[in-house]
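Overview (structure and organization)
Listed below are the residues making up each chain.
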Amino acid sequence: MPNILFWNKCKGEVWCPLNTVNLPHPHFDNMHGVYIIWHGGTNPKTVYVGKGEIRGRLTAHRNNPEIQRFADIGLYVTWARLAENQCDGVESYLISKLNPIVNDQHPSADPVEVNLPW
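Remember, predicted model here, so these are calculated numbers, not experimental data.

Remarks on the state of the cysteines
Enumeration according to the criterion identifies one disulfide in this entry. Across a sulfur-sulfur distance of 1.9 Å, cysteine 10 and cysteine 16 are joined as a disulfide pair. Because the sign of the S-S torsion sets the handedness, a value of about 125 degrees for the bond joining cysteine 10 and cysteine 16 places this disulfide among the right-handed ones. Residue class for cysteine 10 comes out partly exposed when judged on its relative accessible area of 21%. Note on cysteine 16: relative accessible area 0%, which makes it buried. With no disulfide of its own, cysteine 87 has cysteine 16 as its nearest cysteine by sulfur position, at a separation of 18 Å.

Take a look at the structure:
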């Protein structure tokens with residue numbers, strides 16, 4: 001049985017566009033956790049899986065050309081709050097399960113199974 005995470009959506013219960021989600025909003029203050037970025041289009045795929053301080057990480061990804069090359073078909077993001085000491089294992093599981101296109105991390109933590117957002 002996977003651990004249950006609450007995957008965030010934007011107002012109206014729609015997936016949040018990476019490049020326009022309101023990162024200065026107080027919701028993101030001191031938030032650590034894991035996140036998934038994917039592209040839309042006819043064959044959606046996971047672009048990136050990461051962990052850390054959500055506001056800062058997503059801000060950096062808005063300026064990452066490897067991720068932004070998919071912007072024309074839509075980039076979306078969801079995130080889940082998680083204690084810092086739990087992020088490594090969850091990130092490891094998500095990377096192995098979702099096989100992101102941009103994968104510059106190679107976590108050594110044992111995978112911790114969680115529910116996927118979809």
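Digging into the sheet that holds strand β1 (residues 16–17)
In sheet architecture, strand pairing relies on hydrogen bonds along the backbone and comes in two forms, parallel and antiparallel. Across the sheet, four strands lie side by side as β1-β4-β2-β3; this open sheet has antiparallel pairing. Whereas interior strands pair on both sides, the edge strands pair on one side only; in this sheet they are β1 and β3 (45–53). As paired strands, β1 and strand β4 (residues 75–81) are joined by two bridges and run antiparallel to one another. Looking across to β4, one finds that cysteine 16 is bridged to valine 77.

Quick notes on unusual backbone geometry
The backbone phi angle of glutamate 13 is positive, close to 60 degrees, even though this residue is not glycine. One can find glutamate 13 in the segment before β1. On the accessibility criterion, glutamate 13 (61% relative accessible area) is exposed. Here asparagine 99, not a glycine, exhibits a phi torsion of approximately 45 degrees, which is positive.

Concerning the nonpolar core
With 18 residues, the main nonpolar core has Tyr35, Ile37, Val47, Leu58, Ile67, Val77 and Trp79 as its most contacted residues. At the level of secondary structure, the elements contributing two or more residues to this core comprise β2 (32–39), β3, α1 (54–61) and β4. Formed by 15 residues, the second largest nonpolar core is a distinct cluster that contains Ile36, Leu82, Cys87 and Ile95.

Let's talk about α1
Along α1, the positions that sit buried rather than exposed are Ile54, Leu58 and His61. With its buried residues spanning 55 degrees around the axis, α1 presents them on a single face. Two or three places before arginine 55, at the start of α1, stands the capping residue glutamate 53, its side-chain oxygen 3.4 Å from that residue's backbone nitrogen.

Regarding helix α3 (residues 84–98)
Between the first and last C-alpha of α3 there are 21 Å, a value that for 15 residues agrees with the 21 Å anticipated at 1.5 Å per step. Along α3, the positions that sit buried rather than exposed are Cys87, Gly89, Val90, Glu91, Ser92, Tyr93, Leu94, Ile95 and Leu98. Directly beyond the C-terminal end of α3, a positive phi value near 45 degrees is found at asparagine 99.

The rules behind the values
Residues numbered from 1 in each chain as written. Predicted model: local features only at pLDDT ≥ 70, side-chain atom pairs only at ≥ 80, totals over all residues. Heavy atoms only, no water. Disulfide = S-S within 2.5 Å. Buried < 20%, exposed > 50% of the residue type's maximum accessible area, 1.4 Å probe, protein only. Pairing = 2+ DSSP bridges. Helix = DSSP H or I, 4+ residues; strand = E, 2+ residues; numbered from the N terminus. Core = buried A, V, L, I, M, F, W, Y, C linked by side-chain atoms within 4.5 Å. Arc of directions from axis to C-beta. Polar contact = N/O pair within 3.5 Å; in protein donor to acceptor, adjacent residues only side chain to side chain. Expected span 1.5 Å × (residues − 1).

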